[in-house]
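# Remarks on the overall topology
So the chains spell out like this:
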Amino acid sequence: MPLHTIWLVDDDTDDCMLFEDAIAELGVALSVVCVADGADLLNKLRRATRPPDLVFLDVNMPIKNGMDCLAEIKRDEQFIRLPVVMWSTSGQADIVEKAYRLGARLFMKKPNSFNNLKSLLHGILQLDFQLHGSLEDFVVGK
């Protein structure tokens, strides 16, 4: 199923701008919506007429962190199948394991350059997020 809308949940406006620029440079027809924190994401999800096709969710945010937000999303029958890619500056094994336990489809370590971000996003956008349970050991950007 093709992707049309990605929501990026990150309190760092620079990361949001880089993400949007990377998607634009890939030349894919995707709408990117930036959301500042997990609480805002949950409010927007509940009010949306159509949920996003994919969510990138930062682990460390104020108000509601990414792990708490992920857990809440996956407890809601309406959003249980929503593919969530956790993304963080940390790739610590315990954080990655917790993300997968809570229902993340992927864990992406934030890359250290714009070109690496574009490359990782290009690869991620090629994946079929309708697959179930086949990506449990996949950590992008180690």
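Structure's up top.
In short, a report on the structure. (Residues numbered from 1 in each chain as written. Predicted model: local features only at pLDDT ≥ 70, side-chain atom pairs only at ≥ 80, totals over all residues. Heavy atoms only, no water.)

## Brief notes about the pairing of strand β5 (residues 106–109)
For the record, the criterion: Here, a strand pair is defined by DSSP locating no fewer than two bridges between the strands. A run of H or I in DSSP becomes a helix once it reaches four residues, and a run of E becomes a strand once it reaches two; helices and strands are each numbered from the N terminus. Look down the strands so they point away from you; if the path from the first strand over the helix to the second goes clockwise, the crossover is right-handed.
Summarising the sheet, strand β4 (residues 84–88) and β5 pair through 4 bridges and their orientation is parallel. Along β5, the bridge assignment pairs M86 with F107. Between the parallel elements β4 and β5, the chain passes through helix α4 (residues 93–102) in a crossover that is right-handed.

## Some points on the packing of aromatic side chains
For the record, the criterion: Only the six-membered ring of Trp is used, alongside the rings of Phe and Tyr, when aromatic pairs are assigned; centres must lie within 6.5 Å, and planes under 30 degrees apart are stacked while those over 60 apart are edge-to-face, with the rest tilted. Classification of residues uses two cut-offs on accessible area relative to the type maximum, computed with a 1.4 Å probe and protein chains only: under 20% is buried, over 50% is exposed, and between them is partly exposed.
Using the criterion set out here, one finds 3 aromatic pairs in the structure. Geometrically, the ring pair formed by F19 and F56 is edge-to-face, given 4.9 Å between the ring centres and 65° between the ring planes. You can see F19 sitting in helix α1 (residues 13–26) and its partner F56 sitting in strand β3 (residues 54–58), a full 37 residues away along the chain. The exposure class assigned to F19 is buried, which follows from its relative accessible area of 0%. For F56, a relative accessible area of 0% gives the class buried. Feature note: the residues F19, F56 and W87 constitute an aromatic cluster, connected by ring pairs.

## Focus: the side chain of K110
What counts, and what does not: Polar contacts, as counted here, are pairs of nitrogen or oxygen atoms within 3.5 Å of one another; within protein the pair requires one atom able to donate a hydrogen and one able to accept it, and residues that are adjacent in sequence qualify only if both atoms are side-chain atoms.
Tracing the backbone through its elements, the reader meets K110 in the loop between β5 and α5 (114–125). Engagement of the side chain of K110 in a polar contact is seen with the side chain of D15, the distance being 2.8 Å.

## Digging into unusual backbone geometry
Even without glycine at this site, I63 takes up a positive phi of about 70°. Examined against the element boundaries, I63 turns out to sit in the loop between β3 and α3 (66–75). With relative accessibility at 71%, the residue I63 sits in the exposed group.

## Brief notes about the pattern of salt bridges
Oppositely charged side chains can pair when the atoms bearing their charge come close. Applied cut-off: A pair is scored as a salt bridge if a Lys or Arg side-chain nitrogen falls within 4 Å of a carboxyl oxygen belonging to Asp or Glu.
All chains considered together, the criterion is met by 8 salt bridges. Across the pair D40 and K44 runs a salt bridge whose closest N-O atoms are separated by 3.7 Å. Remark: K44 and D40 occur in helix α2 (residues 38–47); sequence separation between them is 4 residues, near one turn of the helix. Classification of D40 as partly exposed rests on a relative accessible area of 25%.

## Side note on the packing of α1 against α5
Note the following rule: Here, axes are lines fitted to C-alpha atoms. For helices the fit covers the stretch in contact, and angles between N-to-C directions go from 0 to 180 degrees. Crossing handedness follows the turn of the near helix against the far one: under a right angle anticlockwise gives a left-handed crossing, and clockwise gives a right-handed one. By definition in these notes, contact holds between two residues if any of their heavy atoms fall within 4.5 Å. Basically, the charged four are Asp, Glu, Lys and Arg, the nonpolar ten are Ala, Val, Leu, Ile, Met, Phe, Trp, Tyr, Cys and Pro, and anything else, Gly included, counts as polar.
One way to put it is that α1 packs onto α5 with a least axis distance of 9 Å and a crossing angle of 65°. When you trace α1 past α5, the crossing you get is right-handed. Side by side, α1 and α5 meet where L18, F19, D21, A22, I23, E25 and L26 of the first sit next to F114, L117, K118, L121, H122 and L125 of the second. For the contact of α1 with α5, the class distribution of residues is 9 nonpolar, 1 polar and 3 charged.

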